[in-house]
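Overview (structure and organization)
Below, each chain spelled out in residue letters.
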Amino acid sequence: MKRLVILSGAGMSAESGIRTFRDMNGLWEEYDVMEVASIEAWHKNPELLLRFYNDRRKQMINSQPNRGHLLLAQLEEFYDVQIITQNVDDLHERAGSSKVLHLHGELTKARSSKYPSLVYQLDNPEMKMGDLCEKGSQLRPHIVWFGEEVPEMDKAIKITRSADILCVIGTSLNVYPAAGLVNFAPAGIPVFLIDPNPPAHLPRHIRVISEKAGAGVDILCQKLQDAV
Ligand code: APR
């Protein structure tokens, strides 16, 4: 089976009602990213960050995978689909995708603020000060904040290097190192990008599908079928 690698961003979940970051009415229009999504902010005001991620977790729980998520999951019938996502929601998994690598963490998990290898599946969507890991340290959201390393990056590069086909969906390609992944695609493979407002200055070989994720993945499926 050919390996189809997907690099998804916030636009993938937009039709599920989850806000993107840098669009009109995006999350970073309402919040200062360094106040709610940086390691410095965690040290300064952990309660604020727990509330911020509690709100996003509740929104995720009340959202459903959209047509784009579902179509990607269905493609597993024909391709070895490996999803690398910048998203921290679990919509790819809930749609049925079986290989999902989260570069920026997962809302469904918490980890020890002192022992990062201690990661826990969250049963209760509300985290609060005083929730402790088994060694007695405060639990924090299992999210990669600005100013922190991206531990899964090497794995993501390896997967991207092994792609037969690459499709970028719903990301402004603003945030590195994730945005740099496209450069690790093997030369000459088909590279698609699905976005209603595609980032400017894309390399010429990228085949742009200027649609939202749902319609865009539908078109991608057609193109893949025509190419067989
Ligand atoms: N379908 C597809 N793409 C969409 C849709 C949609 N329905 N709606 C918006 N988009 C596109 C926008 O045009 C934009 O290019 O999704 C992209 C969203 O870009 P950002 O808001 O910057 O989100 P993302 O690229 O995922 O951000 C990367 O930044 O703040 C950090 O950690 C956070 O993972 C996030 C990272």
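Residues numbered from 1 in each chain as written. Predicted model: local features only at pLDDT ≥ 70, side-chain atom pairs only at ≥ 80, totals over all residues. Heavy atoms only, no water.

In this section: the pattern of salt bridges. Within the structure shown, the criterion is met by twelve salt bridges. The closest approach of N and O atoms between Lys128 and Asp131, which form a salt bridge, is 2.8 Å. For Asp131, a relative accessible area of 18% translates into the label buried. Each of Arg3, Asp80 and Lys99 takes part in one network of salt bridges that share partners. (Salt bridge = Lys/Arg side-chain N within 4 Å of Asp/Glu carboxyl O. Buried < 20%, exposed > 50% of the residue type's maximum accessible area, 1.4 Å probe, protein only.)

What the domain assignment reports for the protein is domain 1 (1-17 + 66-104 + 151-228) and domain 2 (19-62 + 109-143). Measuring from the centre of the C-alpha atoms in domain 1 to the corresponding centre in domain 2 gives 25 Å. Note on domain 1 versus domain 2: buried area summed over both sides is about 780 Å², and carbon and sulfur give 60% of it. When the buried surface of domain 1 facing domain 2 is broken down by residue, Ala10, Gly17 and Val88 rank first, second and third, together holding 42% of it. One can count zero salt bridges joining domain 1 with domain 2. On the surface where domain 1 and domain 2 come into contact, there are two residue pairs in polar contact (both at pLDDT 80 or more). (Domains from an automatic or database assignment. Buried area = accessible area lost by both parts, 1.4 Å probe. Polar contact = N/O pair within 3.5 Å; in protein donor to acceptor, adjacent residues only side chain to side chain.)

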